[in-house]
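# Secondary and tertiary structure notes
Here is what each chain is made of, one letter per residue.
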Amino acid sequence: MDNKATILMQKYEVGHFLGQGNFAKVYHARNLKTGQSVAIKVFNKESVIKVGMKEQLKREISLMRLVRHPNIVQLHEVMASKTKIYFAMEMVKGGELFYKVSRGRLREDVARKYFQQLIDAVGHCHSRGVCHRDLKPENLLVDENGDLKVTDFGLSALVESRENDGLLHTICGTPAYVAPEVIKKKGYDGAKADIWSCGVILFVLLAGFLPFNDKNLMQMYKKIIKADFKFPHWFSSDVKMLLYRILDPNPKTRIGIAKIVQSRWFRKGYVQLEAFQLPPLSPRNAKDISDVQAAFASSSDSDSDGSPMSNKEDSPMKLYRFNAFDLISISSGFDLSGLFEDNQNGRQLARFTTRKPPSTIVSMLEEIAQIDGRFKILKKNGVVRLEEYKAGINGQLTIDAEIFEVTSSFHVVEVTKIAGNTLEYWKFWDQYLKPSLNEMVWVWQRYEQQQ
Amino acid sequence: MGCYCSTSKKTEAQGYEEPTVLASVTPCEYHDPSLNVTVSEVEALHELYKKLSNSIIEDGLIHREEFQLALFRNKNKKNLFADRIFDLFDLKRNGVIEFGEFVRSLGVFHPNAALEDKITFAFRLYDLRQTGFIEREELKEMVLALLHESDLELSDDMIETIVDKTFSDADINGDGRIDQDEWKAFVSKHPSLIKNMTLPYLKDITLAFPSFVTGTDIEESEM
């Protein structure tokens with residue numbers, strides 16, 4: 001961050017340092033386009049991504065890019081350079097819940113509200129396959145309305161390798177919230193571990209101190225493994241009953257989210273939130289999560305100004321599936337633009353059908369883009385974009401090739417110039433695109449003659 | 001209002017209507033979609049219409065062969081879809097497209113035309129036998145026509161799979177055919193299905209015929 005002055009990825013103006021979390025630095029930043037304030041969390045990339053964790057991390061962060069919940073800090077964007085990974089997150093202006101508790105325990109009704117919001121958020125993420133694995137007051141923020149915001153869902157794999165180094169790093173974060181099965185290191189269910197952590201948090205909110213604590217770390221671990229704790233005298237019988245079931249050292253018999261929500265103590269004053277739906281993931285209207293794909297590409301393929309759409313990884317493309325009406329609509333009989341023979345403004349569109357697999361089309365386009373290093377390749381769902389590095393007089397030449405699936409062995413490809421000089425496009429088309437595409441073509445459906 | 005008058009013609013071609021009348025026509029009067037073109041656009045369209053309508057038979061009317069010639073540069077090229085469009089443009093069902101029909105029908109393709117009208121026009125286009133529904137056999141016939149037009153060969157099984165998959169998505173009530181409500185819902189899910197229903201050129205047409213723009217003494221009516 002220090003080396004890059006104050007602009008990150010040409011997108012964010014980075015401001016003052018906000019603090020140091022678990023092995024991450026957090027900065028205030030402003031989106032240059034929208035003016036929106038965000039928190040930028042910076043991790044060293046290779047040193048913290050544990051071998052084997054990468055795909056899980058990628059999957060969870062991709063899901064978090066799509067999650068919307070009023071009690072979860074929104075993950076706006078993921079960016080990466082060779083050595084660092086950056087998360088642009090919602091800026092929460094109220095501070096940490098930890099700060100409130102450090103000044104003494106909360107009233108029962110206040111603690112219950114926070115716990116209700118916490119369980120809602122955790123249940124929402126679990127239902128979508130994302131666990132937190134590092135729940136503790138420092139990850140619980142309070143916004144200006146006094147509502148809870150859970151942060152760092154899906155990011156725990158970034159710090160897991162450090163925790164596995166042993167006990168040396170406990171200074172940065174207490175393990176007092178960790179579930180017994182995590183300490184035993186025999187493999188564990190992240191969702192059940194999160195529930196235990198919620199129980200410890202609830203205890204702390206109500207008590208003002210930790211349920212398992214000892215100056216000697218090994219003694220603390222023993223207490224956790226045995227669930228050796230005592231309730232302060234001011235705990236009500238209902239909350240005691242609930243906490244006994246949450247702080248059950250056996251994950252198999254530990255209470256689940258659904259039963260927590262049904263418990264008498266939890267239900268008091270509880271307002272069920274409307275279910276939040278994941279947006280549909282169809283290629284044509286999916287929210288863009290290509291930044292996550294790009295950020296987790298091999299570091300040797302990234303460069304410090306890499307675009308979120310850059311991704312040379314050969315991941316399977318999500319193609320729009322043509323239906324019968326899509327197929328019919330490509331008929332030239334439907335194209336009335338031929339009536340206007342003097343048209344000068346038509347899109348530069350070529351279309352063909354092919355029996356080649358999409359990966360062959362993509363590879364060919366990548367080869368063409370590399371000629372003279374002229375184009376950057378961007379991939380998003382079924383679209384491969386060639387974007388010129390240097391802007392000409394009329395702007396950067398930009399070409400989209402979109403691949404549509406009709407059947408598993410039959411695809412339609414549309415190639416369109418979407419920006420830049422028309423003469424430059426036709427030169428490129430005649431010299432490179434058309435000869436290479438000809439090898440792929442089963443039938444040319446349409447291409448515009450040069451005018 | 002000024003009267004359009006061509007110095008090269010002594011009498012108006014059959015089918016000619018006053019541009020201002022066409023530009024201001026209301027849907028309820030003719031049961032047609034709203035006209036979405038301005039007066040000067042109507043005049044520019046008339047120039048285009050004259051070119052098309054006299055390309056083979058000089059009677060001032062667009063015949064099917066002239067329509068095919070305009071679309072494909074080949075008067076003999078048959079196309080199921082072009083035929084369907086011709087039939088829908090031919091509002092009077094008399095085998096030719098008159099100028100008024102031409103302007104009214106093209107209005108649906110204007111970028112400013114109502115989405116509802118585009119969806120309805122597309123539905124009527126695909127309802128080959130005008131039963132008020134898109135039948136499964138009609139859809140299959142159209143897929144086969146497209147494959148034939150493109151010299152593509154797919155196996156019968158593959159064609160059945162494509163049609164079946166589409167029907168299972170679109171035919172919500174499962175009665176084996178697609179009605180207008182189901183079609184509207186299907187298009188809402190797949191907006192690209194009506195991309196052919198918009199011609200950006202209609203916004204630019206006055207630029208293509210500058211002599212008519214500068215020559216007109218009629219003020220453009222506001223949309």
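An unreviewed UniProt entry annotates chain B as Calcineurin B-like protein originating from Glycine soja. Quoted verbatim from the Subunit (unreviewed entry) heading of the UniProt record, the comment on chain B is "Homodimer. Interacts with CIPK." Per UniProt, the comment on chain B under Subcellular location (unreviewed entry) is "Membrane".

Naming follows an unreviewed UniProt entry, where chain A appears as non-specific serine/threonine protein kinase of Glycine soja. UniProt, in the comment section headed Sequence similarities (unreviewed entry), describes chain A in these words: "Belongs to the protein kinase superfamily. CAMK Ser/Thr protein kinase family. SNF1 subfamily." Under Cofactor (unreviewed entry), UniProt gives the following word-for-word description of chain A: "Mn(2+)".

## Let's talk about the overall build of chain B
Scanning chain B from terminus to terminus reveals 12 helices and 2 strands. When the elements of chain B are put in sequence order from the N terminus, they spell out α-α-α-α-α-α-α-β-α-α-β-α-α-α. Put simply, 55% of the contacts in chain B that link residues at least 6 apart link residues at least 24 apart. As displayed, chain B has an accessible area near 11100 Å², and 51% of this comes from carbon and sulfur atoms.

## Considering helix 10 (residues 180–189) of chain B
Taken together, the buried positions of helix 10 of chain B are occupied by Glu182(B), Trp183(B), Phe186(B) and Val187(B). On an axial view of helix 10 of chain B, the arc spanned by its buried residues comes to 135°, and they lie on one face. Turned more than 90 degrees off the buried face of helix 10 of chain B, the exposed positions are Asp181(B) and Ser188(B). Those residues of helix 10 of chain B that are buried lie in contact with helix 13 (324–329) of chain A together with helix 7 (115–126), strand 1 (134–135), helix 9 (156–170) and strand 2 (177–178) of chain B. Capping the start of helix 10 of chain B, Asp179(B) holds a side-chain oxygen 3.1 Å from the backbone nitrogen of Asp181(B), two or three residues further along.

## Considerations on the pairing of strand 14 (residues 410–419) of chain A
Residues and elements named next belong to chain A. When you tally the buried positions in strand 14, you get 8 out of 10 residues, the bulk of the element. By the bridge criterion, 9 bridges tie strand 13 (residues 398–407) to strand 14 in an arrangement that is antiparallel. Along strand 14, the bridge assignment pairs Thr407 with Phe410. Taken together, strand 13 and the strand that follows it, strand 14, pair antiparallel across an intervening segment of 2 residues.

## Side note on the pairing of strand 12 (residues 383–388) of chain A
All names here are of chain A. With 6 bridges connecting them, strand 11 (residues 375–380) and strand 12 associate as antiparallel partners. Of the residues in strand 12, the one forming a bridge with Phe375 is Glu388. The antiparallel pairing of strand 11 with strand 12 creates a hairpin that spans 2 residues between the two strands, and Asn381 there sits at a positive phi of about 50°. Pairing geometry for strand 12 and strand 13, over 5 bridges, is antiparallel. Looking at strand 13, one finds that Val383 is bridged to Glu402.

## Remarks on the interface of chain A and chain B
Tallying the contact residues gives 35 residues for chain A and 46 residues for chain B. Both sides of the chain A and chain B interface together cover about 3600 Å² of buried area, and 69% of this is carbon and sulfur. For Lys195(B), the salt bridge identified is with Glu414(A), shortest N-O distance 3.6 Å. Linking chain A with chain B are 5 residue pairs in polar contact (both at pLDDT 80 or more). Among the secondary structure elements, those contributing two or more residues to the side of chain A that touches chain B are helix 13, strand 13, strand 14 and strand 15 (441–447) of chain A. Sorting elements by how many residues they give to the side of chain A that touches chain B places helix 13 of chain A first, with 6 residues. Residues that form the side of chain A that touches chain B fall into these classes: 14 nonpolar, 14 polar and 7 charged.

## A few points about helix 7 (residues 190–207) of chain A
Taking 1.5 Å of rise per residue, the 18 residues of helix 7 of chain A would be expected to cover 26 Å, and the 26 Å separating its terminal C-alpha atoms lies within 8% of that figure. Buried residues dominate helix 7 of chain A, accounting for 17 of its 18 residues.

## Focus: the pattern of salt bridges
All names here are of chain A. If you walk through the whole model with that rule in mind, you get 28 salt bridges over all chains. Residue Glu13 is joined to Arg30 by a salt bridge in which the shortest nitrogen-to-oxygen separation is 2.6 Å. With a gap of 17 residues between them, Glu13 in strand 2 (residues 12–20) and Arg30 in strand 3 (residues 25–31) connect regions that are remote in the sequence. Look at Glu13 and you get partly exposed, because its relative accessible area is 32%. In this structure, the salt-bridge partner of Glu387 is Lys376, at a minimum N-O distance of 3.7 Å. In this pair, Glu387 sits in strand 12 while Lys376 sits in strand 11, placing the two residues 11 residues apart along the sequence. Look at Glu387 and you get buried, because its relative accessible area is 17%. Look at Lys376 and you get partly exposed, because its relative accessible area is 21%.

## Brief notes about the UniProt feature "transmembrane region" (unreviewed entry) in chain A
Sequence positions flagged by UniProt for "transmembrane region" (unreviewed entry) are, in local numbering, residues 193–212 of chain A. The span residues 193–212 of chain A is 75% helical and 0% strand by assignment, and the distance between its end C-alpha atoms comes to 16 Å.

## Description of the environment of Arg136(B)
All names here are of chain B. Relative to the elements of secondary structure, Arg136 occurs in helix 8 (residues 136–149). Counting along the chain gives 41 residues from Arg136 to Arg177, while the straight-line C-alpha distance between them is 6.1 Å. Ignoring anything within four residues of it in the chain, the contact list for Arg136 reads Glu160, Val163, Asp164, Phe167 and Gly176. A distance of 2.4 Å separates polar atoms of two side chains, one belonging to Arg136 and the other to Asp164.

## Regarding the packing of aromatic side chains
All chains considered together, the criterion is met by 37 aromatic pairs over all chains. Both rings, one in Phe203(A) and one in Phe229(A), keep their centres 6.1 Å apart while their planes meet at 90°; by these two values the pair is edge-to-face. Of this pair, Phe203(A) sits in helix 7 while Phe229(A) sits in the loop between helix 8 (217–226) and helix 9 (237–246), and the two are 26 residues apart along the sequence. Each member of the pair, Phe203(A) as well as Phe229(A), is classed as buried. With 5.7 Å between their ring centres and 65° between their planes, Phe67(B) and Phe86(B) make a pair best called edge-to-face.

Criteria and thresholds
Here the residue numbering is sequential within each chain, running from 1 through the sequence in written order. Whichever chain is written first becomes A and whichever ligand is written first becomes 1, with later ones labelled in order. In keeping with the predicted nature of the model, local features appear solely for residues at pLDDT of at least 70, side-chain atom pairs appear and are counted solely at 80 or more, and the whole-chain, interface and lining totals rest on all residues. Side-chain metrics rest on all non-hydrogen atoms present in the structure, leaving aside hydrogens and water. UniProt positions are given in the numbering used here, feature names are shortened, and annotations may be inferred rather than shown by experiment. Secondary structure elements follow DSSP: runs of H or I of four or more residues count as helices, runs of E of two or more count as strands, with numbering from the N terminus. The criterion used for residue contact is that any of the two residues' heavy atoms lie within 4.5 Å. For every accessible area listed, the method is Shrake-Rupley and the probe measures 1.4 Å; residues are considered covered only by the protein chains on display. Summary of the burial criterion: residues with accessible area below 20% of their type's maximum are buried, those above 50% are exposed, and those between are partly exposed, where the area comes from a 1.4 Å probe applied to protein chains only. By construction, the arc corresponds to the directions joining the helix axis to the C-beta atoms. Identification of polar contacts relies on pairs of N or O atoms within 3.5 Å, with a donor-acceptor requirement for protein atoms, meaning one able to donate a hydrogen and the other able to accept it, and with residues adjacent in sequence counted only if both atoms are side-chain atoms. Two strands form a pair only when DSSP identifies at least two bridges running between them. Once two parts are brought into contact, the accessible area they lose, counted with a 1.4 Å probe and summed over both, makes up the buried area. Put simply, a salt bridge is a Lys or Arg side-chain nitrogen that is within 4 Å of an Asp or Glu carboxyl oxygen. Think of it as three bins: nonpolar holds Ala, Val, Leu, Ile, Met, Phe, Trp, Tyr, Cys and Pro, charged holds Asp, Glu, Lys and Arg, and polar takes everything else, Gly as well. Multiplying 1.5 Å by the helix residue count minus one yields the expected span of that helix. Stacked, tilted and edge-to-face are the three classes applied to pairs of Phe, Tyr and Trp rings, where Trp contributes its six-membered ring and a pair requires centres within 6.5 Å; stacked means planes under 30 degrees apart, edge-to-face means over 60, and tilted covers the rest.

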